Amino acid sequence: MKTLPYMIFSFLMLCALCTSINSYRRTENIIAQDVNRALEQVLVTMPDNMVTTDTIRCYRNCLTIAELKDTAGIAMRTVRKDGRWETRLVAEANCGFATTFMMSDQKASGSFLFAGLLWLLCSLWYIKRKGPELIAQGISYGGIVFYNDKFMTLSGEQIRLTPMQHSLLEMFITSDTHTLSKQHICDRLWPKKPDASDTLYTLIKRIKPIIETHSTLKIQSDRGKSYSLIIK
């Protein structure tokens, strides 16, 4: 499967992203628990709702996460409880995304990221290395390689063709001049059909964009008498 390397790379990147987000959210919860626990300890020793400098100093001393000691604070917030509005003290960490991210454990996500990038580099190296081998072992013309009964690009990507398209392109590639008469094509592809002109026209029309997309080739018609596969 030509898409397997990219599927594995995408999977590793997805694992890195999910692991990173999970670690970040876990750190957010740890921070929230720490500031709330510190606030509870402060309210036990200082039960009044007056927030002073001493309250903030005591609150920060109760924190166990060192990164929060310079940013965490206490605020008065109006919240709705049991259908009534009431004012209460709320602990706030006041740390941004970058600070929280740096505090989170990103070793697992970093490992997935490194593995994904390493896999991508190895896959690209393998594809680049395999290209010349395909050219050497198969028939190459205008950016298309015919090898092991398959059509591929120089990078090793398989070109998807219908059976009739495959047969027609094989006739063009294996021909010394890459030119085929209309009658020769019809006799080879539709030997029992008296007049296959319309069928051939449709086949040529549908295979043209495929060839031009994957190579530097195009099909040129000589007044309906013959067709040539030429380099643009």
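Before reading on, note that the structure itself is shown above.
Residue numbering note: each chain is counted from 1, following its sequence as written. A pLDDT threshold of at least 70 governs which residues receive local features in this predicted model, and a stricter bar of 80 or more applies before side-chain atom pairs are shown or counted, although totals over entire chains, interfaces and linings include all residues. Processing note: side-chain calculations cover all non-hydrogen atoms of the structure and skip hydrogens and water entirely.

**Considering the sheet that holds strand E7 (residues 217-222)**
Part 1 of the argument: In space, the three strands of this open sheet follow the order E6-E8-E7, with antiparallel pairing throughout. Whereas interior strands pair on both sides, the edge strands pair on one side only; in this sheet they are strand E6 (179-181) and E7. With direction set aside, neighbouring strand axes in the sheet form an average angle of 20°.
Part 2 of the argument: Helix H5 (residues 163-174) rests against E6, E7 and strand E8 (226-231) of the sheet, and its axis sits at about 70° to E8.
Part 3 of the argument: Packed onto the sheet, helix H6 (residues 182-189) meets E6 and E8 and runs at close to 75° relative to E6. A strand pair is defined by DSSP finding two or more bridges across the two strands. A run of H or I in DSSP becomes a helix once it reaches four residues, and a run of E becomes a strand once it reaches two; helices and strands are each numbered from the N terminus. As a rule, the C-alpha atoms of each element are fitted with a line to give its axis, helices using only the stretch in contact, and angles between N-to-C directions run from 0 to 180 degrees. Only heavy atoms matter for contacts: two residues are in contact if any of them lie within 4.5 Å across the pair.

**Describing the pattern of salt bridges**
Part 1 of the argument: By definition here, a salt bridge exists when the distance from a side-chain nitrogen of Lys or Arg to a carboxyl oxygen of Asp or Glu is within 4 Å. Counting across every chain of the model gives two salt bridges.
Part 2 of the argument: Its salt-bridge partner being Asp34, residue Arg37 comes within 3.4 Å of it at the nearest N-O pair. In this pair, Arg37 and Asp34 both sit in helix H1 (residues 4-45), three residues apart, roughly one turn of the helix.
Part 3 of the argument: Under the scheme applied here, a residue whose accessible area is under 20% of the maximum for its type counts as buried, over 50% as exposed, and between as partly exposed, the area being computed with a 1.4 Å probe on protein chains only. A relative accessible area of 38% places Arg37 in the partly exposed class.
Part 4 of the argument: Of the charged contacts in the structure, one is a salt bridge between Arg57 and Asp54, with a shortest N-O distance of 2.6 Å. Of this pair, Arg57 and Asp54 are both found in helix H2 (residues 53-61), three residues apart, which corresponds to roughly one turn of the helix.
Part 5 of the argument: Accessibility expressed as a relative area gives 46% for Arg57, which makes it partly exposed.
Part 6 of the argument: Residue classification places Asp54 among the partly exposed residues on the basis of a relative accessible area of 46%.

**Points about the sheet that holds strand E3 (residues 139-141)**
Pairing between the strands of a sheet is mediated by backbone hydrogen bonds and can be parallel or antiparallel.
Part 1 of the argument: The three strands are arranged E3-E4-E5 in an open sheet whose pairing can be described as antiparallel. A single partner strand is all that each edge strand has here, and the edge strands are E3 and strand E5 (150-153). The mean angle between the axes of side-by-side strands here comes to 25°, regardless of whether they run parallel or antiparallel.
Part 2 of the argument: Sheet topology note: the strand E4 (residues 144-147)/E5 ladder contains four bridges and is antiparallel. By the bridge assignment for E5, Ile144 is matched with Thr153.
Part 3 of the argument: Contacting E3, E4 and E5, H5 runs over the sheet at an angle of about 100° to E4.

**A look at the packing of H6 against helix H7 (residues 197-214)**
Part 1 of the argument: Interaxial distance between H6 and H7 falls to 10 Å at its minimum, and their mutual angle equals 95°. Between H6 and H7, the angle is such that the two are roughly perpendicular. In this structure, H6 contributes Lys182, Ile185, Cys186 and Leu189 to the contact, and H7 contributes Ser197, Leu200 and Leu203. In what follows, roughly perpendicular refers to angles from 65 to 115 degrees, roughly parallel to angles under 35, roughly antiparallel to angles over 145, and oblique to any angle outside these ranges.

**A closer look at the packing of aromatic side chains**
Aromatic ring pairs are reported here in terms of the distance separating the ring centres and the angle at which the planes meet.
Part 1 of the argument: Here a pair means two rings of Phe, Tyr or Trp (six-membered ring of Trp) with centres within 6.5 Å. Their orientation is stacked below 30 degrees between planes, edge-to-face above 60, and tilted elsewhere. The tally for this structure, following the rule as stated, stands at three aromatic pairs.
Part 2 of the argument: A ring pair is formed by Tyr24 and Phe97, whose centres lie 5.1 Å apart and whose planes are at 40°; its orientation type is tilted. Note that Tyr24 is positioned in helix H1 and Phe97 in helix H3 (residues 97-103), a separation of 73 residues in sequence.
Part 3 of the argument: You can call Tyr24 buried: its relative accessible area is 14%.
Part 4 of the argument: We classify Phe97 as exposed; its relative accessible area is 56%.
Part 5 of the argument: An aromatic cluster is defined as three or more aromatic residues linked by ring pairs; in this entry it consists of Tyr24, Phe97 and Phe101.

**Structural notes on H6**
Part 1 of the argument: By the burial criterion, the buried members of H6 are Ile185, Cys186 and Leu189. Around the axis of H6, the buried residues are gathered within 95° of arc, so they sit on the same side. Exposed residues lying more than 90 degrees from the buried face of H6 are Gln183 and Arg188.
Part 2 of the argument: Residues of H6 that are buried in the fold lie against H5, E6, H7 and E8. By arc we mean the arc of the directions from the helix axis to the C-beta atoms, nothing more.

Such coordinate-based values are descriptive only and should not be taken to indicate function.
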